[in-house]
Amino acid sequence: MTTGHPSQPATQDPGGQSAGGPPAGGRSAGWVAAALRDHDEQTGREEARQERQGSPQPRPGTVREELVLDRIDRARRARPRVKEERITMSHGAGGKATQTLIEAIFLDAFRNPLLEPLEDAARIHVNGARVALTTDSYVVSPLFFPGGDIGDLAVNGTVNDLAVSGAVPLYLSAGFILEEGFPVADLSRIVASMQAAAQRAGVQIVTGDTKVVERGKADGCYINTAGIGVIEREGTLGVAQARPGDAILVSGPIGDHGVTIMLARGELDLEADVISDTAPLNGLICSLLSKTTGVRALRDATRGGVATILNEIATAADVGVLVTEDEIPVRLEVRGASELLGIDPMYVACEGRVVVVVDGDQADQALAAMRAHPQGEQAAIIGRVTAEPPGIVQLKTAFGGTRIVDLLVGDPLPRIC
Amino acid sequence: MRFVDEFRAADKAHALAAKIAALCEPGRQYKLMEVCGGHTHTIYKHGLEDYLPEQITLVHGPGCPVCVIPMGRMDDAIALAAEPDVIMTSFGDMMRVPGSHGSFFDAKARGTDIRMVYSPLDSLKIARKNPGKRVIFMAIGFETTAPSTAMTMLRAAAEGLSNFSIFCNHVTIIPAIKAILDSPDLRLDGFIGPGHVSTVIGCRPYEFIARDYGRPVVVAGFEPLDILQSIYMLMQQLSEGRAEIENQYSRVVPWDGNVVALRAIGETMELRPYFEWRGLGFISHSALKVREKYAQFDAERLFSVPGVRVADPKACQCGEVLKGVLKPWECKVFGTACTPETPIGTCMVSPEGACAAYYNYGRLTRTRVKEATRS
Amino acid sequence: MCLGIPGEVIEFLPDQPDLARVDVSGVRRVINVGLLADDPPEPGEWVLIHVGFALSKIDEDEAAAALSFLEAIGQAYEDELAALQDSRIE
């Protein structure tokens, strides 16, 4: 048994032109020591449990590996806890950290049956009518970008959250937090976009709020919108309803919005003819739902991209998801920018794409219904729901191998390596 | 995408896979190391291991310049970033590497001005735009990236910029490979050689691996067919009892390397006597620092860097995992103290490190292998 | 040592000899070609791009040779498979 410290190769230059050797000792990091303590406790507990169970001892190798894999599985299913003391940008990226924050802080405090499903909108009963209620905040930078602006996002985003819940979007509220010094002309532009978007989507903005904060806060303009809509169709849509054999579709090429924003920020010095895909999807969804009865779930792919939605499906329904890389539509420029930056389009935000889970037998029907609508011209069937392995999303790569598409740990940051 | 898609064509993969399988001696296990983190990334991204027979295991090497930065150096970087009027600029990969009190990301959350850049030239741009600030570039990478840092310093010198410096953490690949080869319990049969490092240093520096250690090396490109072809070439060498250096990535890698690049490095940087590698300990002459002549661009000279060494915990067994001696789950702290969210050693820091990969994908691979071998 | 992507050189920037505009699948970026000073690329040639610098020219002949090798292997495999199919005893 080794002591654990890696065997040192020849580190000292015997002739030594160097001034002295490397420093000895060194202190250790607090969080590492704490983690090691937890580890010792946990190992101690496991060994005690093993002894109590008095199980027969097969080959030591197998037992240890099984133990370790079980431990990991348990950790994955354990009650979420936020370990950080402060909020980081990861908490807003839409991946693992965001999920943990939502479950450990918000769900934990507000817990009630209407919140638990954590879908894009809450479905509530008001005097016999089924109503969907949703809210979203928009903090995009830059405010104006190819394909739209924060106003478009603010209306379309909320309309879409209602539409994917099976509701007909009706009314929106709009709350503005404005930075001191923000040009009124810019505000007018944004508001004009919102009105145009609202008209396109067939909704009205019926109430709102305005606050102003000192220069240096609110990055120009932050917008919050809330929306309500009426659910007229029977049944409930939800990712937990996905079952093996279901087909998964996406309404168009992925990653357009996120790449547009990254390029529009100007820090990366890339130019391309990509524009944001921000659009209202209620028309497309209405058309789809009227022609296909077997739709189980709808999700609009925003922060965290399509990959995040696929993981939500797998986790909520405890099923496997298998998608095929060749079938996933991605624009050439989005691919180029992603390759250049080392990011994966599957994790990049969209703002006008819906992911559909539908009864496998009706996949072709659903596809045809979507393709018949302008917002769904490039819709595609990208994969299936499987029984095994539960909770895991797999991708059959264009190359023919398979890999796992896990939840993102943070933002899809450009890599060099 | 030209020069990319052709090398991702699945139809050629089966052919290569068949040829590779045919070269395996019955009953013999083969361990091939891909040194480079970029190769590891390709292997996982395209599911390349599905094409390999069970007899071949790929061992993921230490060629991840991000992962090998020790905690103490991260602490130094964060301390530099926290200096008054400093803008720290860094590649995206570094943002999440933990020091003893968190990463760049965590420091940013506390209000430190740390900005992500795609190129050191972007860092220069920030320096020009912010004359009242002192811009530091966190320079990391093997010999692939060092020339870019060097050229940036030369450009800064030509422009007479006085508010730009680099925190130099460039490391060199040969000493790391040598450290692996020198370990007494080495069990590797051959190397998939670094692709882009070789565009700079050429293929000659690997000759000692074949000559003194009798192991074949094939310098490989980064598309999946490149790697499969390189494995095929390695297996050919092994089956013929040869140990040579071959260049599969000849469309990009010149045998003699890039002289202009090497000159730029030589002009601005020199080797440190030793440098600590997370998980591998101290390795002599394995890293670069800024030359005296360019001292005005050396953050270590311009600022006082804490330089406190934070030891790898004794429990860390990255060294053995990197050499192919231990499997990730055999490391005592794997999965408990050391997880992707709280990575202790280099094998867990990178999402493609052997341990991170096993943590995320291990159970699935075992299931697939079990199913594949059941009948 | 990682993330290098092939791009096509479109044009040089007039006042800055070391800078060239490249195209990667419709995405354009200005990069520094100073590392190729001994043999500067022409518009239309392809280079390997890494963190905003061109590290190497892509040798189209070598690329073609690599692809032919892969084609040949692929073809041989197809032929073998076909032969196997044909020789199956029903």
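Cut-off values and rules
Residues numbered from 1 in each chain as written. Chains lettered and ligands numbered in written order. Predicted model: local features only at pLDDT ≥ 70, side-chain atom pairs only at ≥ 80, totals over all residues. Heavy atoms only, no water. Helix = DSSP H or I, 4+ residues; strand = E, 2+ residues; numbered from the N terminus. Rg over C-alpha atoms; globule rule 2.2 N^0.38 Å. Buried < 20%, exposed > 50% of the residue type's maximum accessible area, 1.4 Å probe, protein only. Contact = heavy atoms within 4.5 Å. Core = buried A, V, L, I, M, F, W, Y, C linked by side-chain atoms within 4.5 Å. Salt bridge = Lys/Arg side-chain N within 4 Å of Asp/Glu carboxyl O. Pairing = 2+ DSSP bridges. Axes fitted to C-alpha atoms, helices over the stretch in contact; angles between N-to-C directions. Expected span 1.5 Å × (residues − 1). Arc of directions from axis to C-beta. Disulfide = S-S within 2.5 Å. Buried area = accessible area lost by both parts, 1.4 Å probe. Polar contact = N/O pair within 3.5 Å; in protein donor to acceptor, adjacent residues only side chain to side chain. Nonpolar A, V, L, I, M, F, W, Y, C, P; charged D, E, K, R; others polar. Parallel < 35°, antiparallel > 145°, perpendicular 65-115°, else oblique. Left-handed = near helix turned anticlockwise from the far one by under 90°. pLDDT = per-residue confidence, 0-100. Patch = residues over 30% accessible without salt bridge, like charges linked within 9 Å, V, L, I, M, F, W, Y side chains within 5 Å. Areas by Shrake-Rupley, 256 points an atom, 1.4 Å probe, with all protein chains shown as cover.

Draft legend 1. The overall build of chain C, seen in detail. Looking only at helices and strands, chain C features 1 helix and 5 strands. Shown N-terminal to C-terminal, the secondary structure of chain C runs as helices and strands in the order β-β-β-β-β-α. A compact globule built from 90 residues should have a C-alpha radius of gyration of about 12 Å, whereas chain C, at 20 Å, is more than 25% larger. Expressed as a percentage of its 90 residues, the buried residues of chain C come to 47%. A separation of at least 24 residues holds for 30% of the contacts in chain C among residues at least 6 apart in sequence.

Draft legend 2. Representation of the nonpolar core. Residue and element names in this part refer to chain B. If you look at the biggest cluster of nonpolar residues, it comprises 126 residues, and the most contacted ones within it are Phe104, Phe164, Tyr206 and Phe334. Looking at this core, the element that brings in the most residues is helix H7 (residues 173-181), giving 7 residues. Non-local contacts of Tyr206, meaning those with residues more than four positions away in its chain, are made with Ile174, Ile177, Pro194, Val197, Ser198, Ile201, Val217, Val219 and Ile245.

Draft legend 3. Fine view of the pattern of salt bridges. With the rule as written, the count across this model stands at 45 salt bridges over all chains. The salt bridge partner of Glu71(C) is Lys12(B), with a shortest N-O separation of 3.5 Å. You can see Glu71(C) sitting in helix H1 (residues 60-86) and its partner Lys12(B) sitting in helix H1 (residues 10-22), one on each of two chains. A relative accessible area of 48% places Glu71(C) in the partly exposed class. Linked through salt bridges whose partners overlap, the residues forming this network are Glu119(A), Asp120(A), Arg299(A) and Glu312(A).

Draft legend 4. Looking closely at helix H3 (residues 71-81) of chain B. Judged by how many residues are buried, H3(B) sits mostly within the fold: 10 of 11 residues are covered. For H3(B), the set of buried residues is Met71(B), Gly72(B), Arg73(B), Met74(B), Asp75(B), Asp76(B), Ala77(B), Ile78(B), Leu80(B) and Ala81(B).

Draft legend 5. Focus on the sheet that holds strand S2 (residues 56-63) of chain B. All names here are of chain B. If you walk across this open sheet you meet the 5 strands as S2-S1-S7-S8-S9, and the pairing is parallel. Single-partner strands in this sheet number two, and they are S2 and strand S9 (245-247). Adjacent strand axes in the sheet meet at a mean angle of 20° when their direction is disregarded. Helix H10 (residues 224-239) contacts strand S1 (30-36), S2, strand S7 (190-193), strand S8 (217-219) and S9 of the sheet and is inclined by roughly 155° relative to S8.

Draft legend 6. Spatial organisation of helix H5 (residues 184-201) of chain A. Residue and element names in this part refer to chain A. With 18 residues, H5 should reach 26 Å at 1.5 Å per residue; the first-to-last C-alpha distance of 26 Å fits that figure. Taken together, the buried positions of H5 are Ile190, Ser193, Met194, Ala197, Ala198 and Ala201. An end-on view of H5 places all buried positions within 135° of arc, on one side of the element. The exposed residues of H5 that point more than 90 degrees off its buried face are Val184, Ala185, Gln199 and Arg200.

Draft legend 7. Inspection of the state of the cysteines at higher detail. All names here are of chain B. Following the criterion strictly, the structure yields 1 disulfide over all chains and no others. Disulfide pairing is shown between Cys64 and Cys67; the S-S distance is 2.1 Å. Since a negative S-S torsion denotes a left-handed disulfide, the Cys64-Cys67 link at about 65° is right-handed. Accessibility classification places Cys64 together with Cys67 in one group, the buried group. Cysteine Cys338 is unpaired, with the sulfur of Cys355 as its nearest cysteine sulfur at 6.4 Å. Relative accessible area serves as the criterion here: at 9%, Cys338 is assigned to the buried category.

Draft legend 8. Highlighting the interface of chain A and chain C. Taken together, the 17 residues of chain A in the interface contact 14 residues of chain C. Together, the buried faces of chain A and chain C total about 1,300 Å²; carbon and sulfur atoms form 64% of this surface. Here Arg28(C) ties to Asp273(A) by a salt bridge, and the two come within 3.9 Å at their closest N and O atoms. If you look at where chain A meets chain C, you find 1 residue pair in polar contact (both at pLDDT 80 or more). At the level of secondary structure, the elements contributing two or more residues to the side of chain A that touches chain C comprise strand S9 (270-271) and helix H9 (332-341) of chain A. No other element matches H9(A), which puts 7 residues into the side of chain A that touches chain C. Taken together, the residues of the side of chain A that touches chain C break down into 9 nonpolar, 2 polar and 6 charged.

Draft legend 9. Structural view of the environment of Thr152(B). Position of Thr152(B) relative to the elements: it lies in helix H6 (residues 146-159). Expressed as a C-alpha distance, the spacing of Thr152(B) and Ser123(B), which sit 29 residues apart in the sequence, is 9.1 Å. Every residue in contact with Thr152(B), bar those within four places of it in the chain, is listed here: Pro120(B), Leu121(B), Leu124(B), Phe164(B) and Phe53(C).

Draft legend 10. How the structure looks around the packing of helix H4 (residues 150-163) of chain A against H5(A). Residues and elements named next belong to chain A. Contact pair H4 / H5: the axes reach a minimum separation of 7 Å and the direction vectors enclose 30°. Classified by the angle between their axes, H4 and H5 sit roughly parallel to one another. Classified by chirality, the crossing of H5 by H4 is right-handed. Residues Ile150, Gly151, Asp152, Ala154, Val155, Asn156 and Val159 of H4 form the contact with H5, whose own contacting residues are Ile190, Ser193, Met194, Ala197, Ala198, Arg200 and Ala201.

Draft legend 11. Region of interest: the side chain of Arg29(C). Relative to the helices and strands, Arg29(C) resides in strand S3 (residues 27-32). Judged by relative accessible area, which is 4%, Arg29(C) ranks as buried. Only 3.5 Å separates the side chain of Arg29(C) from the side chain of Asp122(B), close enough to count as a polar contact.

Draft legend 12. Layout of unusual backbone geometry. Residue and element names in this part refer to chain A. That bond from Ser141 to Pro142 is cis: its omega, 5°, falls within 30 degrees of zero. Relative to the helices and strands, Pro142 is located in the loop between strand S2 (129-138) and strand S3 (144-145). Each neighbour pair has its own omega, and for Glu388 with Pro389 the value is -20°, a cis peptide bond. Relative to the helices and strands, Pro389 resides in the loop between strand S13 (380-386) and strand S14 (393-396). Not every positive phi belongs to a glycine, and Ala218 is a case in point at roughly 70°. Mapped onto the secondary structure, Ala218 falls in the loop between strand S6 (204-213) and strand S7 (221-231).

Draft legend 13. Highlighting the confidence of the model for chain C. All names here are of chain C. With 94% of its residues at a pLDDT of 70 or more, chain C has an overall mean of 88. No element of chain C has a lower mean pLDDT than H1, which averages 84, and none a higher one than strand S5 (residues 53-57), which averages 96. Here the predicted complex carries an ipTM of 0.90, next to a pTM of 0.87.

Draft legend 14. The packing of helix H5 (residues 120-129) of chain B against H6(B), seen in detail. Residue and element names in this part refer to chain B. It is at 9 Å that the axes of H5 and H6 come closest, and there the two elements cross at 25°. Classified by the interaxial angle, the pair formed by H5 and H6 is roughly parallel. The handedness of the crossing between H5 and H6 is right-handed. Along the contact surface, H5 presents Pro120, Leu121, Leu124 and Arg128, while H6 presents Ser148, Thr149, Thr152, Arg155, Ala156 and Glu159.

Draft legend 15. Broad picture of a nonpolar patch on the surface. All names here are of chain A. Side chains of Leu133, Val168, Leu170, Tyr171, Val206 and Ile228 sit close together on the surface and give an oily, nonpolar patch of about 460 Å² of accessible area. With 3 residues, strand S5 (residues 167-179) is the largest single contributor of residues to the nonpolar patch. By the element assignment, Val168 lies in strand S5.

Draft legend 16. Representation of the pairing of strand S6 (residues 164-170) of chain B. Residue and element names in this part refer to chain B. Within S6, 7 of the 7 residues are buried, leaving the element largely enclosed by the surrounding structure. On S6, burial covers both faces: Phe164, Ile166, Cys168 and His170 on one face and Ser165, Phe167 and Asn169 on the other are all buried. Bridge count for strand S5 (residues 134-141) against S6 is 7 bridges, and the pairing is parallel. Following the sheet pairing, Met138 is matched in S6 by Phe167.

Draft legend 17. Broad picture of the pairing of strand S12 (residues 354-358) of chain A. Residue and element names in this part refer to chain A. Counted residue by residue, S12 has 5 buried out of 5 residues, so it is predominantly covered. Taking every second residue as pointing to the same face, both faces of S12 are buried, with Val354, Val356 and Val358 on one and Val355 and Val357 on the other. As defined by bridge partners, strand S8 (residues 247-250) adjoins S12 across 4 bridges and the pair is classed as antiparallel. The residue of S12 that forms the bridge with Val250 is Val355. Here 5 bridges tie strand S10 (residues 295-300) to S12, and the two strands are oriented antiparallel to one another. Paired with Ala297 across the two strands is Val357, which belongs to S12.

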